[in-house]
Every structure is written in C-alpha cells, then in structure tokens.
Amino acid sequence: MTAPEPALADVVARLRRAMRRAARTADPDNTLSVAQLELLSCLFENPGARPSRIAQLLKLAPNSVTTMVTGLRSRDLVTRTSGGDDRRTVALELTDTGRAAVERWQGHNAAILAAALDGVHPAWRHLIAAAVPALNELVGAIDALAESDPARP
C-alpha cells in the first residue's frame, strides 16, 4: 500500500485552487487578494493580535504584514491601536467592514462547498462529513509543526 501523504497533499492543493477559482466566480466584485483575506481571517480568529504575531501565524515576513495592513487600513478594514500598557506596541483589530469581508468570504466558501457536495454521491458526502474531525486534528498537527523548531524535521 502506498503512503497517503503525496495524494493527500495533492488533493489539498487542488481543493485550495478550486475554492479560490470558485470564490472569484461567486464574488467577482471582491478586490481583496487571497493573502489579504487570509490576513483578515487570521485577525478574525486572533483579535487584538500584534502584527508580529500575525506574521508568525501566517509565516510571512513582518514587512509583508506591515505592507498588507497599511493597504487594509486605507480600505477601512483594519485598525491599529496601542497595545495596552506599552504604547510602543501595536494591536490590530478588524473594523466592521473588515469583519463583514471575512464573513462574506466564509459565506461564499460555505455556499460553494454546499453546492459542490450536492453533486457528490451520498456515500462520499457521508465520508467527507465523517472526516471533518480528523481533518481538524490534522490541521492542528500541521500548525504544531509550523510552530515548532524549524531545525527539527
């Protein structure tokens, strides 16, 4: 039996590409890039995070996050505030418009999956639904790898 990792990696990559294409079709007026939407989503999950934490979570260079945040601020999607007691730090928050952009993107993704699953054989739908907890655990394990020592394999 062959290892499932290459096939799983391929399916995940193709699923991500298919979702991006379908999302662009579903919301052609969306002018945000996937990177911007991922930053907004990360901030949605981590309100008040510092830019350095967002960079760490998304595995981006801090200056890339700063550049994206500047652009998102100009579009009234993100605000920067002082990070509490230490005025030298910065905390990021979604504006109502930013939160709505994330919710709209999540809604489109959910609708895309619902429509696609309607065309999948019921037995496969059942297996896909049953796999969600395992996939969530896999995401956690991958996140743990991303947070671990980079010198460790």
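Residues numbered from 1 in each chain as written. Predicted model: local features only at pLDDT ≥ 70, side-chain atom pairs only at ≥ 80, totals over all residues. Heavy atoms only, no water.

## What to know about the overall build of the chain
From N to C terminus, the chain includes six helices and two strands. Put simply, the chain runs from its N terminus to its C terminus through helices and strands in the order α-α-α-α-β-β-α-α. The burial tally for the chain puts 22% of its 153 residues in the buried class. A separation threshold of at least 6 residues defines the contact pool for the chain, and within that pool the share at least 24 residues apart is 52%. (Helix = DSSP H or I, 4+ residues; strand = E, 2+ residues; numbered from the N terminus. Buried < 20%, exposed > 50% of the residue type's maximum accessible area, 1.4 Å probe, protein only. Contact = heavy atoms within 4.5 Å.)

## Some details on the pattern of salt bridges
On inspection of all chains with the given rule, the structure shows five salt bridges. Arg 14 is the partner of Asp 10 in a salt bridge, and the nearest nitrogen-oxygen pair spans 3.0 Å. Taken together, the residues Asp 10 and Arg 14, both in helix α1 (residues 5-26) and four residues apart, mark about one turn of the helix. Given the relative accessible area of 43%, Arg 14 is considered partly exposed. Arg 104 is paired through a salt bridge with Asp 27; the nearest N and O atoms lie 3.6 Å apart. Of this pair, Arg 104 sits in helix α5 (residues 96-118) while Asp 27 is found in the loop between α1 and α2 (34-45), placing the two residues 77 residues apart along the sequence. Residue Arg 104 is classed as partly exposed on the basis of its relative accessible area of 41%. (Salt bridge = Lys/Arg side-chain N within 4 Å of Asp/Glu carboxyl O.)

## So, the nonpolar core
Considering soluble globular proteins, one finds that nonpolar side chains tend to be buried as a cluster. In this structure, Leu 40, Ile 54 and Val 78 are the most contacted members of the largest nonpolar core, which totals 23 residues. Of all the elements in the fold, those that place two or more residues in this core are α1, α2, α3 (51-58), α4 (62-74), β2 (86-94) and α5. Looking at this core, the element that brings in the most residues is α2, giving five residues. (Core = buried A, V, L, I, M, F, W, Y, C linked by side-chain atoms within 4.5 Å.)

## Some words on the packing of α2 against α4
Where α2 meets α4, the closest approach of the two axes is 11 Å, and the angle between their N-to-C directions is 90°. The orientation of α2 relative to α4 falls into the category roughly perpendicular. On α4, the residues touching Ala 35, Gln 36, Leu 39 and Leu 40 of α2 are Val 65, Met 68, Val 69 and Leu 72. Its residues placed into classes, the contact of α2 with α4 shows seven nonpolar, one polar and no charged. (Axes fitted to C-alpha atoms, helices over the stretch in contact; angles between N-to-C directions. Parallel < 35°, antiparallel > 145°, perpendicular 65-115°, else oblique. Nonpolar A, V, L, I, M, F, W, Y, C, P; charged D, E, K, R; others polar.)

None of the figures reported here should be taken as evidence of function without further support.
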